[in-house]
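Descriptive analysis of the structure
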Amino acid sequence: MRRSHLAIVSIGLAWAVTTTATHAQTTTSYDELAKSETAANAENGKRVAPQKTIGNPTDEVSPTMQAMIGAPYPPHFNADPKTPAEWKELIDRRAKLAISGIPAMKEKLGVKVEETKIAGVHCFIVTPNKMPSDNRRRLLVHVHGGGYVFGPGEAALPEAIMMAGFGGFKVISVDYRMPPDFPYPAAMDDAMAVWKALTKTNDHRRMAIFGTSTGGAMTLAMVLRAKDEKLPRPAAIAPGTPWADIDKIGDSYADNEWVDNVLVTWDGWLGRAAKLYANGTDLKTPYISPIYGDFKGFPPTILTSGTRDLFLSNTVRTHRKLRRAGVIADLNVYEGQSHAQYQFNVDAPETKEAFTDIAKFFDKYLEE
């Protein structure tokens, strides 16, 4: 059988690809290509696809989102820190970039941010300047993304600010401990300590948990732990493109590799962060990879992803498992988007749409 070609994807640049395989493809007729692909895929097993270039989607995709979809890979996608000091340098460098945009985002979306400690854990209270009366007794708990390593301090805030601004909810954002100093289970312990404390002073029927990527996985894992520890459960959750299986398992880990221009590949910094976080713990542990947990009794759930998302399979597998467990579960998948791009730019129509959909979902399932 012919070996699979390495996919080369054009990310909005006029890259000149001059490999022999590409040249052969441009001079091969469709009939010849169909014949060769039929022969290459004649056996049951791995699929073999021809080398291809993928342009930006245009239909139903805003120009702002197209610009993000077409951007080059992030410079850190293949970062390989060897020591705790090297990890911290990378983490701090990325945090400074995120924090630099916070003041403008707060101003644009009309929110205020206060620091606090809850159960000894550093947190932020994000409050919209205008809050619908129905939301005054409601509370959202936010666990940020970042591969369990990125997003310390204020760098964790953009998603919480968007949810507060677009949705009109008060949000508690948990600044949980992370590697390299604090591997698993520190992040989950912090998030659960905050959840447990908040449910003592707030009605869990008016509370939701949300987060994206790592935060999506933690959202799911928090419900698993709440079940196991017999704690109150949230009335609804929104795990965006959750890292539900932290290992390289799932169709889109291969299908969208080198196509997703955010995560790019599990074999870059992402997989290295997974191993750093797990710190020797089995990657199939449900509190690390919640897809292996029991979803029975989960609250209504809304999931969000994109067609180029490396975690699309994580999201789809989670959705199907929730539905099979009898859980109400909505799934929004955006055309052309790579990992979590629905929250990268507050000016993109898709960003407002995504957070508005989540807000409407919470409004439906949280008591007033």
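Residues numbered from 1 in each chain as written. Predicted model: local features only at pLDDT ≥ 70, side-chain atom pairs only at ≥ 80, totals over all residues. Heavy atoms only, no water.

1. Considering the overall build of the chain
Put simply, the rule reads: Per the convention used, a helix needs a DSSP run of H or I reaching at least four residues, while a strand needs a run of E reaching at least two, with both numbered from the N terminus. Radius of gyration here is computed from C-alpha atoms only, and the compact-globule reference equals 2.2 Å multiplied by the residue count raised to the power 0.38. Any residue under 20% of the maximum accessible area for its type is buried, any over 50% is exposed, and the rest in between are partly exposed; the area is computed with a 1.4 Å probe on protein chains only. Residue contacts are defined here by distance: any two heavy atoms, one from each residue, within 4.5 Å place the two residues in contact. Only the protein chains shown count as cover for residues, and all accessible areas are computed by the Shrake-Rupley method using a 1.4 Å probe. We score Asp and Glu as negative and Lys and Arg as positive, and we do not count His or the chain ends. Charge placement uses NZ in Lys and CZ in Arg. For Asp and Glu, CG and CD serve respectively.
The number of helices and strands found in the chain is twelve helices and eight strands. Relative to the globule expectation of 21 Å for 368 residues, the C-alpha radius of gyration of the chain, 21 Å, shows essentially globular dimensions. For the chain, the spread of C-alpha atoms along the principal axes amounts to about 70 × 45 × 40 Å. Looking at the chain residue by residue over its 368 residues, the buried ones come to 53%. Long-range contacts, defined here as pairs at least 24 residues apart, represent 78% of the contacts in the chain between residues at least 6 apart. For the chain, the exposed area adds up to about 16,700 Å²; of that, 51% sits on carbon and sulfur atoms. The average position of the 43 basic charges and that of the 42 acidic charges among the side chains of the chain differ by 5 Å.

2. Quick notes on the nonpolar core
Side chains that are nonpolar tend, in soluble globular proteins, to be buried together. Note the threshold: Within this scheme, the nonpolar core is defined by two criteria: the residues are buried Ala, Val, Leu, Ile, Met, Phe, Trp, Tyr or Cys, and they are joined through side-chain atoms within 4.5 Å.
The biggest cluster of nonpolar side chains holds 61 residues, and the ones touching the most others in it are Trp 243 and Phe 298. Where this core is concerned, the elements lending two or more residues are α4 (84-100), β2 (121-128), β3 (139-143), β4 (171-174), α7 (186-201), β5 (207-212), α8 (214-228) and α10 (266-278). Counting residues per element, this core draws most heavily on α8, which supplies eight residues.

3. What to know about the environment of Asp 255
Structurally, the position occupied by Asp 255 is in helix α9 (residues 251-255). Given a relative accessible area of 55%, Asp 255 falls into the exposed group. A C-alpha to C-alpha distance of 23 Å links Asp 255 and Ile 288, two positions 33 residues apart in sequence.

4. Notes on the pairing of strand β8 (residues 329-334)
A regular strand places its side chains so that they alternate between the two faces of the sheet. Quick note on the threshold: By this definition, two strands are paired if DSSP reports at least two bridges between them. By convention a crossover is right-handed if, when the strands point away from the viewer, the path from the first strand over the helix to the second runs clockwise.
With six bridges joining them, strand β7 (residues 301-306) and β8 adopt parallel strand pairing. Its bridge partner being in β8, Leu 303 is matched across the sheet by Leu 331. Taken together, β7, helix α11 (residues 312-324) and β8 constitute a β-α-β crossover, and its handedness is right-handed.

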